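Listed below are the residues making up each chain.
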Amino acid sequence: TTGLIFYILGLLLNNPELFSAFKMEHISVYASLVFAGFIYAPLLRIISIVSQILSRRYEFEADAFALETYSQPEILISALKKLSRDNMSHLTPHPMKVFLDYSHPPVLARIAALRKAGR
């Protein structure tokens, strides 16, 4: 991610086409950094969404491995409930919030997956 961001920053620094698009006469490193800031936020959002999708998938895989290893889903479910209670987790977040911001699946989704796999 960092390499991609620096690559894009390198493309934007002192780029004459970028300055002409904004009708600026003088090329400036400072203005280039401002333009890079405009592009950085949406790019970072896209990268984070992809990263979080992978992270949630890996979390389900980790739960499946724990279930396969110990064959006792109720113990893991009990631990998830305790963690959720101790951290005051939101049990039913909006799906769009999960898609955009959650690196772990909601606890109720993990519990449902464990119960389904445990049968």
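For the structure, see preceding data.
Below, the structure is looked at part by part. Keep in mind it's a predicted model, so treat the numbers as computed, not measured. Per chain, the residues get numbers from 1 upward, laid out in the order the sequence is written. Local features in a predicted model are, by the rule used here, given only for residues with pLDDT of at least 70; side-chain atom pairs are given and counted only at 80 or more, and totals for whole chains, interfaces and linings are based on all residues. Just so you know, side-chain values use all the structure's heavy atoms and leave hydrogens and water out.

1. Re the overall build of the protein
Thought 1: Under the scheme used here, helices are H or I runs from DSSP no shorter than 4 residues and strands are E runs no shorter than 2 residues, and both carry numbers assigned from the N terminus. Of the regular secondary structure elements, the protein holds six helices and zero strands.
Thought 2: Put simply, the protein runs from its N terminus to its C terminus through helices and strands in the order α-α-α-α-α-α.
Thought 3: Rg of the C-alpha trace for the protein: 22 Å, well past the compact-globule value of 14 Å for 119 residues, more than 25% over.
Thought 4: Principal-axis analysis of the C-alpha atoms places the extent of the protein at approximately 70 × 25 × 20 Å.
Thought 5: Expressed as a percentage of its 119 residues, the buried residues of the protein come to 24%.
Thought 6: Partitioning the intrachain contacts of the protein with sequence separation of at least 6 by distance along the chain shows that 59% fall at a separation of at least 24. In this treatment the radius of gyration is a C-alpha quantity, and the globule benchmark scales as 2.2 Å times the residue count to the 0.38 power. Buried means the residue's accessible area, taken with a 1.4 Å probe over protein chains only, is under 20% of the maximum for its type, while exposed means over 50%, and partly exposed covers the values in between. Contacts between residues were defined by any pair of non-hydrogen atoms, one from each residue, lying within 4.5 Å.

2. What about unusual backbone geometry?
Thought 1: Even without glycine at this site, Asn-14 takes up a positive phi of about 55°.
Thought 2: By secondary structure assignment, the location of Asn-14 is in the loop between helix H1 (2-12) and helix H2 (16-21).
Thought 3: The class for Asn-14 is partly exposed, based on a relative accessible area of 37%.

3. Notes on helix H4 (residues 73-86)
Thought 1: For a helix, the expected span equals 1.5 Å multiplied by the number of residues minus one. Between the first and last C-alpha of H4 there are 20 Å, a value that for 14 residues agrees with the 20 Å anticipated at 1.5 Å per step.
Thought 2: Looking at H4, one finds that the buried residues are Pro-73, Ile-77, Leu-80 and Ser-84. The buried side chains of H4 occupy one side of the element, clustering within an arc of 60° when seen end-on. Away from its buried face by more than 90 degrees, H4 exposes Ile-75, Leu-83 and Arg-85.
Thought 3: At the exit of H4 stands Met-88, carrying a positive phi of roughly 50°. This arc is taken over the directions from the axis of the helix to the C-beta atoms.

4. Some remarks on the layout of surface pockets
Thought 1: There is about 190 Å³ of room inside the largest pocket.
Thought 2: Cavity means a closed set of points on a 1 Å grid over the protein atoms alone, one where a 1.4 Å probe fits but cannot get out, pocket means an open set with protein on both sides within 12 Å along at least 5 of 7 lines, and lining means a residue has an atom within 4 Å of a point. Taken together, Leu-80, Leu-83, Ser-84, Asn-87, Ser-89, His-90, Tyr-102, His-104, Pro-105, Pro-106, Val-107 and Arg-110 make up the full set of residues lining the largest pocket.
Thought 3: A total of three residues in the lining of the largest pocket trace back to one element, the largest contributor, which is H4.
Thought 4: Each residue gets one label: Ala, Val, Leu, Ile, Met, Phe, Trp, Tyr, Cys and Pro are nonpolar, Asp, Glu, Lys and Arg are charged, and the others, such as Gly, are polar. The residue inventory of the lining of the largest pocket, partitioned by class, reads six nonpolar, five polar and one charged. Grid points are joined across faces, edges and corners, and a volume is the space filled by probe spheres set on the points.

5. Focus on the environment of Leu-44
Thought 1: Looking at where Leu-44 falls in the secondary structure, it is placed in helix H3 (residues 29-70).
Thought 2: By relative accessible area, which is 32% here, Leu-44 ends up partly exposed.
Thought 3: Placed 28 residues apart in sequence, Leu-44 and Pro-16 show a C-alpha to C-alpha distance of 24 Å.

6. A few points about the pattern of salt bridges
Thought 1: The salt bridge definition used is simple: a Lys or Arg side-chain nitrogen within 4 Å of an Asp or Glu carboxyl oxygen. Taken as a whole and judged by the stated rule, the model has six salt bridges.
Thought 2: When the shortest N-O distance is used, the salt bridge between Arg-45 and Asp-101 registers 3.0 Å. Of this pair, Arg-45 sits in helix H3 while Asp-101 sits in helix H5 (residues 95-101), and the two are 56 residues apart along the sequence.
Thought 3: Among the residues examined, Arg-45 registers a relative accessible area of 36% and is labelled partly exposed.
Thought 4: Residue Asp-101 is classed as partly exposed on the basis of its relative accessible area, which comes to 33%.
Thought 5: The residue Arg-115 makes a salt bridge to Glu-74 at a minimum N-O spacing of 3.9 Å. Note that Arg-115 is positioned in helix H6 (residues 107-118) and Glu-74 in helix H4, a separation of 41 residues in sequence.
Thought 6: Among the charged side chains, a salt-bridge network with shared partners connects Arg-45, Lys-97 and Asp-101.

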